[in-house]
Amino acid sequence: MLICCLGDLLLDVVVRTRGSSGPDAEGAAETRLGAGGQAANVAAWAAELGAEARFVGKRGSDAAGELATRELLARGVDLFGPVEEGRNGIVVSLVTDDGNRTMLTDRGVAPFLRAEELDVRWFAGCARLHLSGYSLLRRPIEEAAAKAAGAVQGQGGKVSVDLATAAGIEEYGPEKLRRRLELLEPELVFANEAELEAIGGDVPATLVLKLGADGFSAGGTGYDALAADVVDTTGAGDALAAGYLVGGPDLAAQAAARCVAQLGAMP
C-alpha cells in the first residue's frame, strides 16, 4: 500500500532538559537533531511499519533542508516537491523529565507550496493521502492540498486529515476549516481533545480521537494505550496516525508506544 503525506519536512531539534532552569541556572540536556514535521513523521512511520511511503512538500535549499531530506530518504521515504532558495523550517522541542514538551516552530518555506507546483503523477497509485492540518491553514499550501486530494480521490484513494493545532484552528477560523473539510471529504480525521474542541466538537468524517496516556478512540470505540516508559511524547500522534493508516487500531497503539519510549518523533 502506498501512503502519500503532504505537508512539511522540518528539521527537528529535540532538547530533553535535566536540572535547574531560569536565570543564571545551569542544567544538563540530551539532544536529538534530525528530520521532523507532521507529514514527514507520518511518512517515516508508515515506511517503518511496512507501507510504501511518499512525502510531498516544499523544502528549503539551506543546510537544514539538506539534512532533513537526507534523513527522510534514508528512512525509505520517497520525496517529491520543489526545493526553494530560502530557509527550511525548524522546530525546537523542549522536553521535560516527565516526557511532556513545548514546541517552538518556524515553518520556513513549507507553507508556500503552490497548487501549480504539484505534478499529479506524484500521486499515482496512492491508496491514502494524509494531510497535515498545517497544510490547510495557510495559503497557498491549502490549495495544493485540495489539488492533491482531488488527484487521489479521482483514482479511488482515500484522504485523511490530522487537525494538528488548536491554536492554528482558532486563528484560521473553525467554521472556515469545517467548510474546507467538507469539500475535501476525508474518510478519517485525527485530532486531540483541544483540536476537536477548537473546531466545534465534531468533524465530517470518522474521528480518531487521540487521548494521550488514555489511548484513543476510533469511530466511538475506545482503545487503551500500551504500557511504555515515557521519554518524549513528541510525534506520538503522528506514529499513531501512521499505524492506524497502515494496519488499524492495534498497530496504531503499538507505534505510539514505541514513539514515546524514545527521544524524537521518528522511528
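Residues numbered from 1 in each chain as written. Predicted model: local features only at pLDDT ≥ 70, side-chain atom pairs only at ≥ 80, totals over all residues. Heavy atoms only, no water.

Enquirer: I tried to follow the nonpolar core on my own but got confused; where do I start?
Expert: Considering soluble globular proteins, one finds that nonpolar side chains tend to be buried as a cluster. Core analysis: the biggest nonpolar cluster contains 38 residues, and Leu9, Phe55, Leu72, Val77, Phe190, Val208 and Tyr244 have the highest contact counts within it. By residue number, the principal contributor to this core is helix H1 (residues 38–48), which donates eight residues. Once residues lying within four places of it in the same chain are set aside, the contact partners of Leu9 are Ala35, Gly36, Ala40, Phe55, Arg59, Ala68, Thr69, Leu72, Leu79 and Asn88. Judged by nonpolar contacts, the second largest core, of 36 residues, contains Leu131, Leu136, Ala144 and Leu163. (Core = buried A, V, L, I, M, F, W, Y, C linked by side-chain atoms within 4.5 Å. Buried < 20%, exposed > 50% of the residue type's maximum accessible area, 1.4 Å probe, protein only. Helix = DSSP H or I, 4+ residues; strand = E, 2+ residues; numbered from the N terminus. Contact = heavy atoms within 4.5 Å.)

Enquirer: Explain the state of the cysteines here, please?
Expert: Each disulfide consists of one covalent bond between the sulfur atoms belonging to two cysteines. Following the criterion strictly, the structure yields zero disulfides and no others. With no disulfide of its own, Cys259 lies closest to Cys5 among cysteine sulfurs, the gap being 14 Å. You can call Cys259 buried: its relative accessible area is 0%. (Disulfide = S-S within 2.5 Å.)

Enquirer: So what exactly am I meant to see when it comes to the environment of Ala252 here?
Expert: Mapped onto the fold, Ala252 is located in helix H8 (residues 249–260). Taking C-alpha positions, Ala252 is 9.7 Å from Tyr223, a pair spaced 29 residues apart along the chain. With sequence-adjacent residues up to four places away left out, Ala252 is seen in contact with Phe216, Leu240, Gly243 and Tyr244.

Enquirer: How should the packing of aromatic side chains be read in this particular structure?
Expert: The geometry of an aromatic ring pair is captured by two quantities: the separation of the ring centres and the angle between the planes. The full count for this structure, using the stated rule, is three aromatic pairs. Judged by centre distance (5.9 Å) and plane angle (35°), the rings of Phe80 and Trp122 are tilted. Of this pair, Phe80 sits in strand E6 (residues 77–80) while Trp122 sits in the loop between strand E9 (101–108) and strand E10 (128–132), and the two are 42 residues apart along the sequence. Classification of Trp122 by relative accessible area gives buried; the value is 15%. Judged by centre distance (5.1 Å) and plane angle (20°), the rings of Phe216 and Tyr223 are stacked. (Phe/Tyr/Trp six-rings, centres within 6.5 Å; stacked < 30°, edge-to-face > 60°.)

Enquirer: Whenever I open this one, empty space enclosed by the protein confuses me. Can you help?
Expert: The rolling of a water-molecule-sized probe over the atoms marks out the regions of remaining empty space. Within the structure shown, the criterion is met by one cavity of 30 Å³ or more. Forming the walls of the largest cavity are Gly7, Asp8, Arg107, Ala110, Pro111, Ser132, Tyr134, Ser135 and Ile141. Here the residues of the lining of the largest cavity are counted per class, giving four nonpolar, three polar and two charged. (1 Å grid on protein atoms, 1.4 Å probe; cavity = no way out; pocket = protein on both sides within 12 Å on 5 of 7 lines; lining within 4 Å. Points joined across faces, edges and corners; volume = space filled by probe spheres on them. Nonpolar A, V, L, I, M, F, W, Y, C, P; charged D, E, K, R; others polar.)

Enquirer: When you look at the pairing of strand E11 (residues 158–162) in this model, what are you seeing that I'm missing?
Expert: Remark: a regular strand shows side chains that alternate across the two faces of the sheet. Counting buried positions along E11 gives four out of five residues, so the element sits mostly inside the fold. Pairing analysis gives five bridges linking E10 to E11, with the strands arranged parallel. Its bridge partner lying in E11, Leu131 is registered against Val161. Handedness of the crossover joining E10 and E11 through helix H3 (residues 141–154) is recorded here as right-handed. Where E11 and strand E12 (residues 188–192) come together, three bridges link them in parallel fashion. For Asp162, the partnering residue across the bridge sits in E12 and is Phe190. (Pairing = 2+ DSSP bridges. Right-handed = clockwise from strand over helix to strand, strands pointing away.)

Scope: geometric values only; no functional claims are made or implied.
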